[in-house]
Amino acid sequence: AKMGLAPRKIKLAPWRAFLKAKDACSGDLDIAVVGKYVSLPDAYLSINEALVAAGIAAGRHVNVHLIDGEELTDKNAEKALGAMDGILVPGGFGARAFEGKIAAARYARENNVPFLGICLGLQAAVCSFARDVCGLEGATSAEFADAAPEGTPLVIDLMPEQEDVEDKGGTMRLGKYPCTVLPGTKMAECYGQSEIWERHRHRYEFNNDYRQEMQDAGLVISGTSPDGRLVETVELPGRDFHLGAQFHPEFKSRPNRAHPLFKGFIAAALKFKKGKMGH
């Protein structure tokens, strides 16, 4: 009243329905989030909440297990990830834990565990695919080129418009952009539409110099910018869920409106868990 705003009724029905669905959840799903800020769980709060919301939509409790990407290797991946029903690799900046994120993507791909890679998580999945399937030894991102031997394939590169930028502060691809979805893909199945809008926060992109080679090896580019120039999502065919997104779907998730990609990921994790249990 003091602000001169007219009172209006708040529609509580959707929230009551959400709480009812939350209380009705039964059974658990164990999802690994492989990052580098494991001592700061709030760093992945949006990811965790998006997973929980998608779990509630599927009638399941989601247990999020933060796995330290700095400690993860091919040798200990089975021990760290073997009990998980799904593996998510979130975004982040810097080389720390990147090799662990690649190991997580590799473990998911080789063991057919549902996988969702977000931003740097997509880049880790692309590097893993480039190394293991395309034979591009040591393939990495231009972000980490200084630490790589000369001639290392940089399958993730600085966006062309970033190359002459000195001040990194306000230069990244930031905000909401359209994405064209390829029909017949997991992306199309999850969204049910041919154009979507998602939020971005990144400076590096899939390097188109390797685009044809990776597609020939089986990588599906399922989402691009409307002009086809920028790769927005990649996935592996013949899988229940192995998908990387350059954007941040967690930014558009809501408690009572779970995000389509998280719902697809959780549905695949549920199917995977049932398969492990033999029914």
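Overview of the structure. This structure is a prediction, so every number in the text was calculated from the model and none was measured. (Residues numbered from 1 in each chain as written. Predicted model: local features only at pLDDT ≥ 70, side-chain atom pairs only at ≥ 80, totals over all residues. Heavy atoms only, no water.)

## Side note on the environment of Asp 30
Mapping Asp 30 onto the fold places it in strand β1 (residues 28–35). In this structure the C-alpha to C-alpha distance between Asp 30 and Ile 87, which are 57 residues apart in sequence, comes to 8.9 Å. Non-local contacts of Asp 30, meaning those with residues more than four positions away in its chain, are made with Asn 63, His 65, Ala 83, Met 84, Asp 85, Gly 86 and Lys 273. Side chain to side chain, Asp 30 and Asn 63 meet in a polar contact 3.4 Å long. (Helix = DSSP H or I, 4+ residues; strand = E, 2+ residues; numbered from the N terminus. Contact = heavy atoms within 4.5 Å. Polar contact = N/O pair within 3.5 Å; in protein donor to acceptor, adjacent residues only side chain to side chain.)

## Focus on the packing of helix α4 (residues 98–111) against helix α5 (residues 120–132)
Packing of α4 against α5 brings their axes to within 8 Å, and their N-to-C directions diverge by 65 degrees. Relative to α5, the element α4 is oriented roughly perpendicular. In the packing of α4 onto α5, the handedness of the crossing is right-handed. From α4, Phe 98, Glu 99, Lys 101, Ile 102, Ala 105, Arg 106, Arg 109 and Glu 110 reach across to α5, where they touch Leu 120, Gln 123, Ala 124, Ala 125, Cys 127, Ser 128, Phe 129, Arg 131 and Asp 132. Per-class residue counts for the contact of α4 with α5 are eight nonpolar, two polar and seven charged. (Axes fitted to C-alpha atoms, helices over the stretch in contact; angles between N-to-C directions. Parallel < 35°, antiparallel > 145°, perpendicular 65-115°, else oblique. Left-handed = near helix turned anticlockwise from the far one by under 90°. Nonpolar A, V, L, I, M, F, W, Y, C, P; charged D, E, K, R; others polar.)

## Things to note about the layout of surface pockets
Of the pockets and cavities examined, the largest pocket occupies roughly 260 Å³. In terms of residue count, helix α2 (residues 45–57) provides more of the lining of the largest pocket than any other element does, three residues in total. (1 Å grid on protein atoms, 1.4 Å probe; cavity = no way out; pocket = protein on both sides within 12 Å on 5 of 7 lines; lining within 4 Å. Points joined across faces, edges and corners; volume = space filled by probe spheres on them.)

## Some remarks on the packing of aromatic side chains
Within the structure shown, the criterion is met by four aromatic pairs. A centroid spacing of 6.3 Å and a plane angle of 85 degrees characterise the contact between Trp 15 and Phe 18, whose relative ring orientation is edge-to-face. Of the two residues, Trp 15 and Phe 18 are both situated in helix α1 (residues 13–23); the distance of three residues between them amounts to about one turn of the helix. Take Trp 15: its relative accessible area is 39%, and that puts it in the partly exposed class. Here Phe 98 and Phe 144 contribute two aromatic rings whose centre-to-centre distance is 4.7 Å and whose plane-to-plane angle is 50 degrees, an arrangement assigned as tilted. Here Phe 98, found in helix α4, pairs with Phe 144, found in the loop between β5 (140–141) and β6 (154–158); they are 46 residues apart in sequence, far enough to count as distant. With a relative accessible area of 9%, Phe 144 lands in the buried category. (Phe/Tyr/Trp six-rings, centres within 6.5 Å; stacked < 30°, edge-to-face > 60°. Buried < 20%, exposed > 50% of the residue type's maximum accessible area, 1.4 Å probe, protein only.)

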